[in-house]
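Spelled out, the chains give:
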Amino acid sequence: MAARPNYGYRKTIRIDEFGDDGKPAGQFLLVTEITRAANGQVISKVVQKPQSTLHYFNLETEDVKELDRIPAFPLTSSQLPKYDLKYIGEEQVDEIDCYIFKVKPKVLDRTHAYLDGLVWVDTKYLEVVKTYGRWVNELGDVRSATLPFTLFETYRENVDGKYWFPNYERSDDTVHLKDVSVPVRLVIKWTDFKPLPAMAAPTASDASAPAPAPAKPQF
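Residues numbered from 1 in each chain as written. Predicted model: local features only at pLDDT ≥ 70, side-chain atom pairs only at ≥ 80, totals over all residues. Heavy atoms only, no water.

Some thoughts on the nonpolar core
The biggest cluster of nonpolar side chains holds 36 residues, and the ones touching the most others in it are I15, F57, L59, V64, L67 and L186. For this core, the secondary-structure elements that each account for two or more residues are β1 (7-18), β2 (24-36), β6 (114-122), β7 (128-137), β9 (151-159), β10 (163-176) and β11 (181-195). Looking at which element gives the most residues to this core, the answer is β11, with 6 residues. Beyond its immediate stretch of four places on either side in the chain, V64 contacts I13, I15, F28, L30 and L59. With 6 residues, the next largest nonpolar core counts V93, C98, W120 and V129 among its residues. (Core = buried A, V, L, I, M, F, W, Y, C linked by side-chain atoms within 4.5 Å. Buried < 20%, exposed > 50% of the residue type's maximum accessible area, 1.4 Å probe, protein only. Helix = DSSP H or I, 4+ residues; strand = E, 2+ residues; numbered from the N terminus. Contact = heavy atoms within 4.5 Å.)

In structure tokens:
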């Protein structure tokens with residue numbers, strides 16, 4: 001989790017509608033890239049403008065950005081005391097031997113989202129390889145205001161031989177409208193992981209500039 005902000009990657013978000021015959025009938029597609037700008041700031045750049053052939057609901061870029069609120073790394077060491085974990089068996093995921101744990105939050109509140117589902121952990125290195133479940137709080141399922149998806153299946157990829165970053169996420173659901181129910185699928189892919197370029201060293205003119213006033217703490 002600490003290393004991922006130091007990496008750039010390409011992110012593809014695809015949402016498919018399916019017809020009565022089970023075949024794709026419409027699609028929304030957005031491709032962005034995380035990179036470092038000339039001023040040193042890490043930015044998300046649109047590399048393929050949003051395209052949509054969806055028939056039953058309209059999506060804007062801001063709607064799918066809500067998906068960024070889904071935590072990429074549930075169950076970090078600091079979060080474990082908040083959960084009950086139950087070992088339920090072993091299974092291979094992409095030829096990796098994994099322990100399977102059922103995960104349930106101990107206590108719910110209204111301001112935090114917690115994972116309720118399953119986690120697959122590498123038996124050798126104890127790294128999280130896959131998660132499946134929903135995000136919940138005291139009020140029930142946590143979901144986007146415009147998207148129906150609640151259950152997410154997320155796989156991770158080994159990057160540089162030492163980090164396991166999410167690289168594939170999928171969710172299937174149904175949009176219920178007045179006269180029709182439409183099956184929909186969300187797929188998010190993260191690809192082309194690479195370390196971000198280091199920030200340029202400050203120049204002499206930067207060093208002689210007056211220091212900015214300290215920012216007020218945010219709570």
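Right, picking up where we left off after that structure.
A word on the packing of aromatic side chains
Pairs of aromatic rings are described using the distance from one ring centre to the other and the angle between the two planes. One pass over the full model with this rule turns up 10 aromatic pairs. Ring geometry for Y7 and F165: centres 5.3 Å apart, planes at 75°, overall edge-to-face. Of the two residues, Y7 sits in strand β1 while F165 sits in strand β10, which places them 158 residues apart along the sequence. Just as Y7 is buried, F165 falls in that class too. Ring centres of Y9 and F193 lie 5.6 Å apart, and the angle between their planes is 50°; this geometry places the pair in the tilted category. Within this pair, whereas Y9 is found in strand β1, its partner F193 is found in strand β11, the two being separated by 184 residues in sequence. Take Y9 and F193: they sit in the same class, and that class is buried. Pairwise contacts between aromatic rings join Y7, Y9, Y163, F165 and F193 into one cluster. Between K130 and the ring centre of W120, over which it is positioned, the NZ or CZ distance is 4.3 Å. (Phe/Tyr/Trp six-rings, centres within 6.5 Å; stacked < 30°, edge-to-face > 60°. Lys NZ or Arg CZ within 6 Å of the ring centre and 35° of its normal.)

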